[in-house]
Amino acid sequence: PTMERRMVGTPTSPTRDYSEFLTKPQLKGIKRFFKTCDKNNSGTAKMTALLKEVRRNRQMRLLFGLEGESKGTANAAFNKIFSEMATEGGREITFKQFLAFFYT
């Protein structure tokens, strides 16, 4: 099954758990993707690791709206997306911050 971006409201907190709004296969795919980016199993993923994996994963490029974009355009768009996810302005995010992005 393909993952699709679902809009279900604005998060009230970066720590709110939105998994109840995803199908089990969607949540499983997003968790698996994030785990691939969490290189040291710390529960966080760095922007560089996420971008590298987004480039490799067509479903995630589609989910982020980056499929078919030039490398420069995709990088700029992903940097903007990441800055929205990283609510504290850091260079890494938690899974809940990553998941919350899909509901804003």
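Further up the page is the structure itself.
Residues numbered from 1 in each chain as written. Predicted model: local features only at pLDDT ≥ 70, side-chain atom pairs only at ≥ 80, totals over all residues. Heavy atoms only, no water.

**Student:** I'd like to hear about the pattern of salt bridges, residue by residue, with values.
**Tutor:** In the structure shown here, the tally under the stated rule is four salt bridges. For glutamate 53, the salt bridge is made with lysine 39, and the minimal N-O distance between the two is 3.7 Å. Linking glutamate 53 in helix α2 (residues 47-56) with lysine 39 in the loop between α1 (24-37) and β1 (44-46), this pair joins segments that are 14 residues apart in sequence. Judged by its relative accessible area of 9%, glutamate 53 is buried. Residue class for lysine 39 comes out exposed when judged on its relative accessible area of 58%. The salt bridge partner of arginine 58 is glutamate 67, with a shortest N-O separation of 3.5 Å. A relative accessible area of 49% places arginine 58 in the partly exposed class. Judged by relative accessible area, glutamate 67 falls into the partly exposed class, the value being 32%. (Salt bridge = Lys/Arg side-chain N within 4 Å of Asp/Glu carboxyl O. Helix = DSSP H or I, 4+ residues; strand = E, 2+ residues; numbered from the N terminus. Buried < 20%, exposed > 50% of the residue type's maximum accessible area, 1.4 Å probe, protein only.)

**Student:** Let's hear about the packing of aromatic side chains: which residues, and what values?
**Tutor:** Taken as a whole, this structure holds seven aromatic pairs when the rule is applied. Members of the aromatic cluster, each reached through a chain of ring pairs, are Phe33, Phe34, Phe64, Phe78, Phe82, Phe95, Phe98 and Phe101. (Phe/Tyr/Trp six-rings, centres within 6.5 Å; stacked < 30°, edge-to-face > 60°.)

**Student:** I'd love a proper account of the nonpolar core, names of residues and values included.
**Tutor:** One broad trend across soluble globular proteins is that nonpolar side chains are buried collectively. Among the nonpolar cores identified, the biggest contains 28 residues, and Leu50, Phe64, Phe78, Met85 and Phe98 are the most heavily contacted of them. For this core, the secondary-structure elements that each account for two or more residues are α1, α2, α3 (58-63), α4 (71-85) and α5 (95-101). Excluding its chain neighbours within four sequence positions, the residues that come into contact with leucine 50 are Phe33, Cys37, Ala45, Phe78, Phe82, Ile93 and Phe98. (Core = buried A, V, L, I, M, F, W, Y, C linked by side-chain atoms within 4.5 Å. Contact = heavy atoms within 4.5 Å.)

**Student:** How would you summarise the environment of lysine 39 if you had to cite specific residues and measurements?
**Tutor:** In the structure, lysine 39 is positioned ten residues away from alanine 49 in sequence and 7.9 Å away in space, judged by C-alpha atoms. If sequence neighbours within four positions are ignored, lysine 39 has contacts with Ala49 and Glu53.

**Student:** Before we move on, can you summarise α2 with the specific residues and values?
**Tutor:** Turning to α2, its buried residues number three or more, namely Met47, Ala49, Leu50, Leu51, Glu53 and Val54. Of the surrounding secondary structure, the elements contacted by the buried residues of α2 are α1, β1, α3, α4, β2 (92-94) and α5.

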